[in-house]
Each structure stands twice: as C-alpha cells, then as structure tokens.
Amino acid sequence: VEFVRARNWQVDAVDRERKRIDDENEAWKSENSKGSAGYNPDKTLKSPTFQAQMNELYGPMSRFQGYADYEIPAATWMRGVFYFARGEPSDFEQARQCFVRVAGMLGEKNGLPALADAQLAENVTTGKPGSRLCYVILESGLAPSRREIRLDIPIFLADVPYVGAAFPALVYHENAVTGFTATHGNDSCESKLLTDMDAVVTQDFQNRLGGIIVATLVSSATKAAATYGMKQALGDWGAVAGVIY
C-alpha cells in the first residue's frame, strides 16, 4: 500500500506543483497590478547590479541536478526490490521496469547497480534461477535548511532608489558520509548514490524561485515607498512607524 501511495504521490506531484506555482504567480501579478508607488520590478530584474547579486546568491545551486517529474529514485528502487523479493511470477516484470527506470534517472555513473538488478529480474522471468541478495543502504546527512539574506537592491523610485530586502537561500550541510565499501569474504562492492536529497530540495526551490523573487521585490518596494510617504507626512515618527510596520 505504501509503495502504491508513493507512486501515486509522484504522479500527482507534477500537476499539483504546477498548479501551486501558477496560483502563486497569479497572486503576485495581481498584487503588482494594484500599483506600488509606480514601481516596475522589470527594471530591477534587468539591472546588472541586481543580476550580479542573484548570481552570487543562487549560482551555487546550479551544481545540483534534480530528477524528472518530482520522482525520488530511492522510492522507485525500493518498490522494485519489494516486487522482486515477493517472488510472484507477475511481479518480476514490474521489478525490472522499476530498476530500468531508476537506472535512467541515475545515469551511467550511479545507475549500474540498478541495471544489474533489472538483469536479475529479467533472468528470473526467462526461467533462469534467481540469486540470493543482500542490499546495504546508507542514509546519511541533513537536508538543506533555509536562511534569510538581506540585500540592498535598486528599485528605481525617485524618492527611494534602493531598499533592503530579505531573500530566502538554501544552506547545504556538507558533513555527510558520501559512500562506503561492503565486503563479503574476498569480495567487495563500492556503494553508489541512490538519491541526492540536496538535488531534490533544490529542484523544488528553483521551481518557485522566480515568483518568490518578484514577490519580494514588489513587497519591499511597496513598504519602502509607504515608509517614505509616512516620513514626509509625519517626520521621524512616521518613518519609525513605517519601519515597525
């Protein structure tokens, strides 16, 4: 039941996440269309200064390559192991399909063990004897965490040319164990990466990042302009009230 549930979650995730992102973008467009003291976020987005800030903040994420359609290789691989271990004739082909799918997601470097599993499942379907197997799985490390980074960004308003804004950023924890060697008698086997959760989290973060940046710009510009207006009307007390708000 849990493996079927995980598969259904992955199938539904594509449409669910697309709808969530579209809803967020529409909400931010609506907020911007209401007007924010004449602020146009496109000017900020095209600013070389702002682009340099974004590249420095988010550039390191480019080293992570996520998986297609929100699929988690570990979940698909474990579903294949379950079908393979259950031993029913109809299950071996499902196991083979799972392993082939995982190998495709992992690529040539890390996908060889999954291809070997697929071959074992295919051998059984053709009447060849199966093999006794022992899988060793290591789950190590911490998922990325979020922090806020304050940047002074150009907003191109006459009265408030720059404003401080807080952008979300991912913090990666690099102290995890990255591999091991399993031995049995005189035989040994090097581990391969099954799922990079840093890449999974980063992919979801990047999918929403464009909307988050625009929303942050519009919100910061609106608040800065309002604070400036309160200062003009009420003096320093107005500025303090605006900052607190």
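Residues numbered from 1 in each chain as written. Predicted model: local features only at pLDDT ≥ 70, side-chain atom pairs only at ≥ 80, totals over all residues. Heavy atoms only, no water.

Caption draft 1: Geometry of the side chain of asparagine 110. Looking at the element boundaries, asparagine 110 is found in helix α5 (residues 89–110). Within the local environment of asparagine 110, its side chain forms a polar contact with the backbone nitrogen of leucine 193, the two atoms lying 3.3 Å apart. When sequence neighbours within four positions are dropped, the list of residues in contact with asparagine 110 reads Lys192 and Leu193. (Helix = DSSP H or I, 4+ residues; strand = E, 2+ residues; numbered from the N terminus. Polar contact = N/O pair within 3.5 Å; in protein donor to acceptor, adjacent residues only side chain to side chain. Contact = heavy atoms within 4.5 Å.)

Caption draft 2: Up close: the side chain of aspartate 198. Inspection of the secondary structure assignment puts aspartate 198 in helix α7 (residues 197–234). At 6.2 Å, arginine 63 is the nearest oppositely charged side chain to aspartate 198, a buried residue that forms no salt bridge. Dropping the residues within four chain positions of it, aspartate 198 is found in contact with Phe64, Leu142, Pro144 and Tyr172. (Buried < 20%, exposed > 50% of the residue type's maximum accessible area, 1.4 Å probe, protein only. Lys, Arg positive; Asp, Glu negative; His and termini not counted. Salt bridge = Lys/Arg side-chain N within 4 Å of Asp/Glu carboxyl O.)

Caption draft 3: Structural view of the packing of aromatic side chains. Counted according to the given criterion, the structure contains seven aromatic pairs. Ring centres of phenylalanine 3 and phenylalanine 82 lie 5.4 Å apart, and the angle between their planes is 40 degrees; on these two criteria the pair is classed as tilted. Taken as a pair, phenylalanine 3 in helix α1 (residues 2–33) and phenylalanine 82 in helix α4 (residues 73–86) lie far apart in primary sequence, 79 residues in all. Summarising the aromatic geometry, the rings of phenylalanine 84 and phenylalanine 92 are spaced 5.8 Å apart at their centres and angled 70 degrees between planes, so their arrangement reads as edge-to-face. A relative accessible area of 11% means that phenylalanine 92 is categorised as buried. Every member of this aromatic cluster is reached through a ring pair, and the members are Phe3, Phe82 and Tyr83. Against the face of tyrosine 172 rests arginine 63, its NZ or CZ located 5.5 Å from the ring centre. (Phe/Tyr/Trp six-rings, centres within 6.5 Å; stacked < 30°, edge-to-face > 60°. Lys NZ or Arg CZ within 6 Å of the ring centre and 35° of its normal.)

Caption draft 4: Quick peek at the packing of α5 against helix α6 (residues 112–125). Between α5 and α6, the least distance of the axes is 7 Å, while the angle of their chain directions is 160 degrees. Accordingly, the angle class assigned to the pair α5 and α6 is roughly antiparallel. In terms of crossing hand, the pair formed by α5 and α6 is left-handed. Residue-level inspection shows Phe92, Glu93, Ala95, Arg96, Phe99, Val100, Val102, Ala103, Glu108 and Asn110 of α5 in contact with α6, the latter providing Leu112, Pro113, Ala114, Leu115, Asp117, Ala118, Ala121, Glu122, Val124 and Thr125. When its residues are assigned to classes, the contact of α5 with α6 shows 13 nonpolar, two polar and five charged. (Axes fitted to C-alpha atoms, helices over the stretch in contact; angles between N-to-C directions. Parallel < 35°, antiparallel > 145°, perpendicular 65-115°, else oblique. Left-handed = near helix turned anticlockwise from the far one by under 90°. Nonpolar A, V, L, I, M, F, W, Y, C, P; charged D, E, K, R; others polar.)

Caption draft 5: The arrangement of the pairing of strand β4 (residues 187–190) in detail. Both strand β3 (residues 181–184) and β4 contribute to a ladder of four bridges, which runs antiparallel. In the strand pairing of β4, threonine 181 is matched with glutamate 190. In this antiparallel pair of consecutive strands, β3 and β4, the connection spans two residues, and glycine 185 shows a positive phi of 65 degrees. (Pairing = 2+ DSSP bridges.)

Caption draft 6: Seen up close, the environment of asparagine 175. Counting through the fold element by element, asparagine 175 comes out in the loop between β2 (162–171) and β3. Of the residues examined, asparagine 175 reaches a relative accessible area of 64% and is grouped as exposed. C-alpha separation for the pair asparagine 175 and serine 140, spaced 35 residues apart in sequence, amounts to 9.2 Å.

Caption draft 7: Just the packing of α4 against α5, in detail. The interhelical angle for the contact between α4 and α5, taken along N-to-C directions, is 155 degrees, at an axis separation of 8 Å. One element, α4, and the other, α5, form an angle in the roughly antiparallel class. The handedness of the crossing between α4 and α5 is left-handed. Along the contact surface, α4 presents Pro73, Thr76, Trp77, Arg79, Gly80, Val81, Tyr83, Phe84 and Arg86, while α5 presents Asp91, Phe92, Gln94, Ala95, Cys98, Phe99, Arg101, Val102, Met105 and Leu106. Classifying every residue of the contact of α4 with α5 by side-chain character gives twelve nonpolar, three polar and four charged.

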